[in-house]
Amino acid sequence: MYLTYFSLSSSLLNYFTPYNRYLFNLIATQTYSNRPSVSSTALVQISLENYNVHPPYFTPSNQTFSVSETAAVGSLFGTVFATDPDGDGITYSMISSQFSIDATTAVNKRSPQFLNNICGSAVSFYESNSIGANITTISVFDDDRGENGQVTISFPSEQARTTVSGLRNTAYSQFYLQQISQTNTTRTAILRTNVSFDYDAPGTPRVWYLFILATDNGTPQRQSFCSLRINLLDLNDNPPVFIMTNWNYTIYRSTTGNSNSARFLRIIASDADSGLNGMINYYIGTVNVPYFTINQTTGTIILRSSVPGIYNLNVSQFPITFQVYAQDRGSPQRTSETNATVTIYYNNDNDPPPARWVDPVYEELNFPIIEKYYETYGNRPIFNTAYGFNGTISYLLTSTTSSIMTVSSPFPNTYIPFSDVPVLRNGNLFSSGIVVTSGLHAEIQSLYLIYIRVLVNPPLIGSTTITLIDQNDQTPTFDIRSIVLSVVENESGNRVIAQIQAFDRDVDPAYSSVSYALNRNLSDSEALGNFFVASNGTIWTNATFDRESNKTLYRIFITASDGAPAWNSITPNTQDFQFDIQVIDVNDVPPVFVNSTSITISINETTLNGTGILNLTVTDTDFDTILDFGILSGNTKNAFTFQLLSDNVADTSRTQYQAIGQLYVVGPLSYEVTPNYTLVLTAFDTQNLATLTVNILLIPQNTRAPYFNLMPGFTSYQYAVEEGTAISVLNGPVIRATDPDIPATSLVYAIVTQSNQLNLNSLYLNQASNQTTIGIAAPGLSRDLPFGAPIYNFTMRVTDEDGLGVSSYAPVSITVIDTNNNAPIPTNPPWILTEGVVNPSTTVIFTDYDDPAQNNTVPFQVEILSPSTFSLSGPTLSYNSSYRLTYNGVLNRTATKNLTVTFKASDNKGFSAISTIPIIVGDVLNNYPISNGYKTISVIYANGYINSLRNVALGSIYVNDPDDWFRASRTYSVRSSSNGQSFTATQGYLRTPDALYPGTSTVIVDVTKPNVPSSAVGTVELGVQSVDTEWVRKAATIRIQGEYPETLIDPTLGNRLNVLRNALASILLVTADSINILAIRPVFRYRSPYYPPLPFDQAKQQALTDVVFYISSLAKSDIENTINTNLARFSSSYGITASASGPNPCTNYVCPADTVCRPTRTIQPLPYAIDTNQTSFIGINVVDSADCVNSTYSLNFTNTQAGCTTYSFNNFTYCPCTSLQAYAPLGPYCQVLGRTFHANGDGYAVFDGMYFSNRAPTRFSFDFTIRPAVVDSLILLYGRNITDINDFFWIAVEIYQSRLRFHFRDRILDATNTVINASTWYHVEYQYVDSLILVTVNDCQYVLQGFNSTLNTYGLSNVQLYLGGLPVTGSLISGLYPSLTQVNTFSGCIRHVMSNGYYLDMNSAIASAHSTVGGCPSIWITLRTTVSTTTITTTVTSGCGINLIVSRSMMIFTVFVFMKPNIV
């Protein structure tokens, strides 16, 4: 034999040759000297393995990057690229203390590989091993680099394991894998026990099959699997134990017969061990026992071979007693610790035994039965005709008394699946048998020893040994049913990719052997030619896969079959295993830019950092590619970055990889510095580089702000002017700015201030030639209190591009020089002179608001001009401006309650003024007797606000008493109420703790004046009316001058309210009874606290009072327009001065920046009470407020019709809305205000989120009512319809457990004090002010802190308003808000949805279902305006603790009103 060796030529081998191999013919020639030579040819294949023989190289070899000195740590400023001719993954590193580089991810080529032929092997351990014992070591190899080669060894997940049923068991909870740190390419894990084991415990599994997975951390992830058989080995740790320690047996001469083969008694012992360790030999331990010996195997007592038969026994030697011991066959052998004592008696009198077997074979039966006997024969007694046993066991009894036969295990506390057959009797012959009671399993127990016993004395005992014949009833079982494996494209040759094992637990090897085959019916048709399965479960492939042109995933099924037909079938038992084989992509195709040519784009030089300016699509037919995007060159100062925006990795149906890279601006751009860029963009797949040139042209913008030309050394513009002086140009520097942009643009100047805004109204600018001066119009600037200041500071703003461009700011200050323009005035009200005192006096302090430092004030000269009954003394020598005012005489309050005094006062320089002050005559408690009084109290409230009347002062108790200041000093006791209502009269005011329902009642109050003493009766006629809140919305307003609310209702002053009612009726052409007065309220008139109060007559002459009233037959706009055109008639015809109709609170109201004023009418929780001696009016607290709300709210009134009118007197707009009257009520711009959601639920209406505002400051309100019965349901949701919802301040209102629950994003507010009743209207309102949320539900208020307005700073295109519920079919919206209890069960009506003073048009829904627009059906809405207290069924809460917050612009006034002990 000759050996031939190959050597390489001068060229190197290349792993990347086709199919990674070399093929050539090898020719062998044998030559002879005497005959022709002989040749033969062999085909040689040399398969190559890839080794790391080439270093990687950079593309290009040198690169230059720029980085800003202000760049943050971790900033990305460049990308480098390298490739490796070996196709290996590349790890990047650098040596630098200031910079670092990220390592890239290599291709995951290899699946983990189990070592040491562990797969399919069997591992055994002894039961004596402790918890944590080492069973075996598992090693896995993976030579991929980086995370691709990091391996985890684990059991299959719970979901992947086969469902445990029948005889299947799982071992995973009894074992665990201890991972050992990976060393280079090898990961090791130790299989350890998790519990202790007892081989001999009943039902203990002794064989386990484990699947072990090895999974790497690569991309894509690859895994391998391995199966192990684990055997538990028995130790001989249990000695034999006799089932009884005393055995007695009687031999009857009459029945036994004279045979040497007679068997008398079977002694039985048990051994918990198994195999030889549990097999027992029996021995007689007593020496010289006559006649008897023992069968060592069965334990049966028999005659010695030397004894011919029982007739040869000497009866005198009986009873015979001896000891028997048992010894197992294990190693070492163990002997029973307690022996059995056997006593044998001999009856030689021919007496028959009490019982005997008809056939002696019954004494010790031994035969096999099939494993599936129970399933085959059911309740038929066990039999085996081949062994001569037909299933019947017969016995004879001597006595005529019957006795049954029992079947049991000879071992204590041991269950056997056998029972006795009911006994049949024929004379003294009895028959029974043994039946199987449940399924038998040879895999669990293949041998049963059964005791049969006839219950006589002594008992007749026999034993039966049953051996199970195994049948093919177990299915080959895979511990997991599916797995994902992988192959690498371009690999060739016969390759084993996996080996699978199933386990059949049948006992007979003919049934438990398993073979494997490819299931051609279930497997992919494309897989049939590429994969084949050997009978031992090995899976092979000889195909070369290409991800770019073939399938990327193959699914094959492997069928495991056992060795014979199933016990109940003609076919074997089978089970299928699913293999998903994915083809791992090899990076053999470069990426491609879809835009193959260069691109030119233009962008503004002001483009913000983070703005994407260009999206580019890149494709790669390598399925599992990993692309790195970057900029190769041209990126001056790193102004741009090119990064991955999205890809189709998650699309399992993709045929190629596709990604979109986005070019971002990440640095400052300047047209003046770099007008254009030429970037070379790259897409790198760790192996191949694609490039694309992008030209970026910058468009110049107005990027540079103008700057002020301040004089050197100055940081502001400074001026001085005399107080109260008008001047066209302030003396000082001209304000001039320069625009550095080229070309420069026109500049516009403006005064900017956040304070002193009203005082600066007199300033104006003289702008010309891009510069300005400041002028002051009359009356000039004030230096003195209350509004003046010695220095006015503000900001000058200059804006280029004619005021539309970029702005700069410079501070400006104007110093105001004081002049003597104020005289001394009284400044310490109130002034009170007590009645009944001779010459009463009070202190009057005079103040001059001029600057005392200018010597413009003290000393003062003060004199009284009138009346002459007063005198003035002072001031002191210190000139403290304090004087003493004295009345010369005695005052009586019953005659005079108020006086006035007029002064003339001048300052040190003679500047004087005349001022008049009011004087109050103070009451003194006198001995005047009191007498009966009568009073009427009228109460009107809005439905749903009944709780607001609890414990509220409804009016004072009136009795005649000249001492009108001492009402509280009297004692009051409510004697009676005509309607049974409970009232109190604490401190002289009538109150009720209960709900006050509509109707009338007479209340009698006993009043006592203790100091006289004197008593009287105060009679109160109380009338109560409730109205729909809709009346308040439609109510008109008239403003009266020269009247207080008290003077309007006081009958002693002429009953001016009735005069007004008659005047309205005459002018509006209606009856007086049709005019419903809802509210009478004073109008706030500002007077500086620095000035003294006006005299009483002047104050009343200037007083303003609003009367809010409703007329059902007339529209609010028509009423107010008619009144406005007839204002003069009120004075000329009725003596009432009407100053305005429908006043707009936003008129002349100034709001802060970024807000606008919107008038809003609301009902405050507490009523507004007006009290006089003889009458009181408790009206609805209607507030028409000027709300400064955010100015981002969009308006789009789609239903606005022609003919709309905007009234000049109040700037309100009203439209006729003729064609929409069927949908009334309507808003002023024809908005349909109501929407009804049907009784069957599932209703909703969706509105554009642009027409609703939740940005602070804002105000939102709506009304709703619900059909019976009240169920949990969603009323309103304002939020996003895409994820993530929690980066938006979403709002929801829902009914939860008969109360309202508010969601303000992640904050929940439960309106616990308001119980929701069906068929009742509720008004809901909430307002955001800074971080405070104010919530009102009818007359209950709640406060929540924590509003975050920064969540609403982006576009609202994905935000919508949902009313009545959410879509639940074909919509994701309902799943985005899991905290809501119900989303589609609301049944009722919603109306008057108002955001920032504008009504939502219910007719403009962009989607809706099961709802209709228009007014709400009245059939199920009850307006309780005249319901008596005996018919009320609505649940009324006990009252609300109210945190009352009134908002005017951004100011909050908080008034705590105590209505019950617990305060919200």
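Residues numbered from 1 in each chain as written. Predicted model: local features only at pLDDT ≥ 70, side-chain atom pairs only at ≥ 80, totals over all residues. Heavy atoms only, no water.

Caption draft 1: Region of interest: the packing of aromatic side chains. Scanning the model with the defined rule gives 59 aromatic pairs in all. Note on Phe264 and Phe292: the rings are 5.8 Å apart at their centroids and 90° apart in plane angle, and the pair reads as edge-to-face. Of the two residues, Phe264 is situated in strand 15 (residues 263–266) and Phe292 in strand 18 (residues 292–294); the sequence distance between them amounts to 28 residues. Its relative accessible area of 0% is what places Phe292 among the buried residues. Residues Phe1260 and Phe1262 carry aromatic rings whose centres are separated by 5.8 Å and whose planes lie at 45° to one another, so their mutual orientation is tilted. For the residue pair Phe1260 and Phe1262, the accessibility class agrees, reading buried in each case. Taken together, the ring pairs in this structure connect Phe1252, Phe1260, Phe1262, Phe1264, Tyr1278, Phe1288, Phe1289, Phe1302, Phe1304, Tyr1322, Tyr1326 and Tyr1328 into an aromatic cluster. Positioned over the ring face of Tyr1398 is Arg1158, at 3.6 Å from the centre of the ring. (Phe/Tyr/Trp six-rings, centres within 6.5 Å; stacked < 30°, edge-to-face > 60°. Helix = DSSP H or I, 4+ residues; strand = E, 2+ residues; numbered from the N terminus. Buried < 20%, exposed > 50% of the residue type's maximum accessible area, 1.4 Å probe, protein only. Lys NZ or Arg CZ within 6 Å of the ring centre and 35° of its normal.)

Caption draft 2: Expanded view of the pattern of salt bridges. Enumeration over the complete set of coordinates arrives at 23 salt bridges. For Lys1116, the salt bridge identified is with Glu1120, shortest N-O distance 3.4 Å. Taken together, the residues span about one helical turn, with Lys1116 and Glu1120 both in helix 9 (residues 1116–1125) at a distance of four residues. Each member of the pair Lys1116 and Glu1120 is classed as buried. Members of the salt-bridge network, linked through shared partners, are Arg1039, Arg1081, Asp1106, Arg1161 and Asp1184. (Salt bridge = Lys/Arg side-chain N within 4 Å of Asp/Glu carboxyl O.)

Caption draft 3: Layout of unusual backbone geometry. Here the bond from Ser331 into Pro332 is cis, since omega is -5°, no more than 30 degrees from zero. As for its position among the elements, Pro332 is in the loop between strand 20 (320–328) and strand 21 (340–347). The linkage connecting Ser866 with the following residue, Pro867, adopts the cis geometry, with an omega of -5°. At Gln1297, a residue that is not glycine, the phi angle is positive and equals roughly 55°. Relative to the helices and strands, Gln1297 resides in the loop between strand 83 (1291–1296) and strand 84 (1299–1304).

Caption draft 4: Spatial organisation of the sheet that holds strand 60 (residues 882–887). Taken in spatial order, the four strands line up as 55-57-60-59 in an open sheet, and their pairing is antiparallel. Each having just a single partner strand, strand 55 (825–826) and strand 59 (870–873) make up the two edges of the open sheet. Pairing analysis gives five bridges linking strand 57 (residues 841–847) to strand 60, with the strands arranged antiparallel. Residue pairing across strands places Ser841 opposite Thr886, the latter belonging to strand 60. (Pairing = 2+ DSSP bridges.)

Caption draft 5: Focus on the environment of Asp685. Here Asp685 is to be found in the loop between strand 45 (676–684) and strand 46 (689–699). Judged by relative accessible area, Asp685 falls into the buried class, the value being 2%. Sequence separation between Asp685 and Asn587 is 98 residues; the distance between their C-alpha atoms is 7.6 Å. Contacts of Asp685, omitting those with residues within four sequence positions, involve Asn587, Val589, Pro590, Pro591, Asp620, Asp622, Thr625, Ile626 and Leu627. Within the structure, the side chain of Asp685 is placed 2.4 Å from the backbone nitrogen of Asn688, a separation counted as a polar contact. (Contact = heavy atoms within 4.5 Å. Polar contact = N/O pair within 3.5 Å; in protein donor to acceptor, adjacent residues only side chain to side chain.)

Caption draft 6: Representation of the pairing of strand 45 in the model. Extensive coverage of strand 45 is indicated by the burial of seven of its nine residues. Pairing geometry for strand 42 (residues 628–633) and strand 45, over five bridges, is antiparallel. Residue Gly630 lies in a different strand from strand 45, and its bridge partner there is Thr682. Across nine bridges, the pairing between strand 45 and strand 46 is antiparallel. If you follow Leu679 over to strand 46, its bridge partner there is Val694.

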